[in-house]
Amino acid sequence: MTADFAHRTAEAPEHGRTGAGSVRHSLVELSVTAVLAEVLFGLVGGLPAVAAGAVAIAVAALFAGRYVAGGGVLDIGLRRRPRLLDAHEPGLADWRWTVRQSLAPEGDAQPLRGRLQRLYAARLAEAHHLSPTADRDRVAELVGPDLWPWIDPAGDLPAPTVPPDVLHALVDRLESL
């Protein structure tokens, strides 16, 4: 296995070199094709065909350049998602950490509160067509007076950490909505 790895790394192009499939290689191939197409247009149709071919190639290059440069803001999801260095999608590990932090005596319940508020807002909008910010009284009635302070967007946290029984009650109430 070590010899196979050494063989593959010896064949791999160095950083900055052009290889098949690189952007530079693709641009060279497309440029050569465009020049050959222009020569062919000139031989077959003369000067008017060369002008028409140049316009067609320029328009195609602009559309391709716009797509490659990311100018298509109405992307339909065919591209890879951008890699964000300062943001990420929350996963289960994040949830475990957030719950552990909110239950710990020296922890902080604010991150868990934010996530619970978003979950409650989504569930209330989906099932009851209510918003916790716009329909505060109705949402407080649905959630219950003992749990509402924990997810009230305008209120303060009742305690710096969440008691385990309150967390269980919040999750059970969220599931029952």
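The structure we're discussing is the one just above.
Basis of the calculations
- Residues numbered from 1 in each chain as written.
- Predicted model: local features only at pLDDT ≥ 70, side-chain atom pairs only at ≥ 80, totals over all residues.
- Heavy atoms only, no water.
- Helix = DSSP H or I, 4+ residues; strand = E, 2+ residues; numbered from the N terminus.
- Buried < 20%, exposed > 50% of the residue type's maximum accessible area, 1.4 Å probe, protein only.
- Contact = heavy atoms within 4.5 Å.
- Areas by Shrake-Rupley, 256 points an atom, 1.4 Å probe, with all protein chains shown as cover.
- Polar contact = N/O pair within 3.5 Å; in protein donor to acceptor, adjacent residues only side chain to side chain.
- 1 Å grid on protein atoms, 1.4 Å probe; cavity = no way out; pocket = protein on both sides within 12 Å on 5 of 7 lines; lining within 4 Å.
- Points joined across faces, edges and corners; volume = space filled by probe spheres on them.
- Nonpolar A, V, L, I, M, F, W, Y, C, P; charged D, E, K, R; others polar.
- Core = buried A, V, L, I, M, F, W, Y, C linked by side-chain atoms within 4.5 Å.
- Salt bridge = Lys/Arg side-chain N within 4 Å of Asp/Glu carboxyl O.

Student: Before we go on, may I ask you to explain the overall build of the protein in this structure?
Tutor: A tally of helices and strands in the protein yields 8 helices and 0 strands. Reading the protein from its N end, one meets helices and strands in the order α-α-α-α-α-α-α-α. Out of the 177 residues in the protein, the part that is buried amounts to 19%. Partitioning the contacts of the protein with sequence separation of at least 6, the portion at a separation of at least 24 is 42%. Total accessible area computed for the protein in this model is approximately 13,300 Å², and 63% of it derives from carbon and sulfur atoms.

Student: Would you mind showing me how to read the side chain of Asp 152 here?
Tutor: Tracing the backbone shows Asp 152 in the loop between α7 (148-151) and α8 (164-176). Classification of Asp 152 by relative accessible area gives buried; the value is 9%. A polar contact is formed between the side chain of Asp 152 and the side chain of Arg 136, at a distance of 2.5 Å. With residues near it in sequence (within four places) discarded, Asp 152 still touches Arg 113, Gln 117 and Arg 136.

Student: Is there a simple way to think about the layout of surface pockets in this case?
Tutor: Where empty space is left in the structure can be found by rolling a water-sized probe over the atoms. Roughly 350 Å³ of internal volume is contained in the largest pocket. Along its surface, the largest pocket is lined by 14 residues, and Leu 27, Leu 30, Ala 60, Ala 61 and Ala 64 are the ones closest to its centre. Secondary structure elements with two or more residues in the lining of the largest pocket: α2 (23-45) and α3 (47-68). Classifying every residue of the lining of the largest pocket by side-chain character gives 10 nonpolar, 4 polar and no charged.

Student: Would you mind showing me how to read the nonpolar core here?
Tutor: Soluble, globular proteins show a tendency: their nonpolar side chains are buried together. Counting residues in hydrophobic clusters, the biggest one holds 20 residues, and the most contacted among them are Tyr 120, Val 143, Ile 151, Val 162 and Leu 170. When near neighbours in sequence (up to four residues on either side) are disregarded, Tyr 120 contacts Val 143, Ile 151, Leu 170, Arg 173, Leu 174 and Leu 177.

Student: What should I look at first to understand the pattern of salt bridges in this one?
Tutor: Side chains that differ in charge, positive against negative, can pair when their charged atoms come close. The final tally for this structure, using the stated rule, is 3 salt bridges. The partner of Asp 152 in a salt bridge is Arg 136, and the shortest N-O contact between them spans 2.5 Å. In this pair, Asp 152 is assigned in the loop between α7 and α8 and Arg 136 in helix α6 (residues 136-143), connecting sequence segments 16 residues apart. A relative accessible area of 31% places Arg 136 in the partly exposed class. Across the salt bridge formed by Glu 141 and Arg 138, the nearest N and O atoms sit 3.2 Å from each other. Within this pair, Glu 141 and its partner Arg 138 are both found in helix α6, separated by 3 residues, close to a single helical turn. Since its relative accessible area comes to 40%, Arg 138 is described here as partly exposed.

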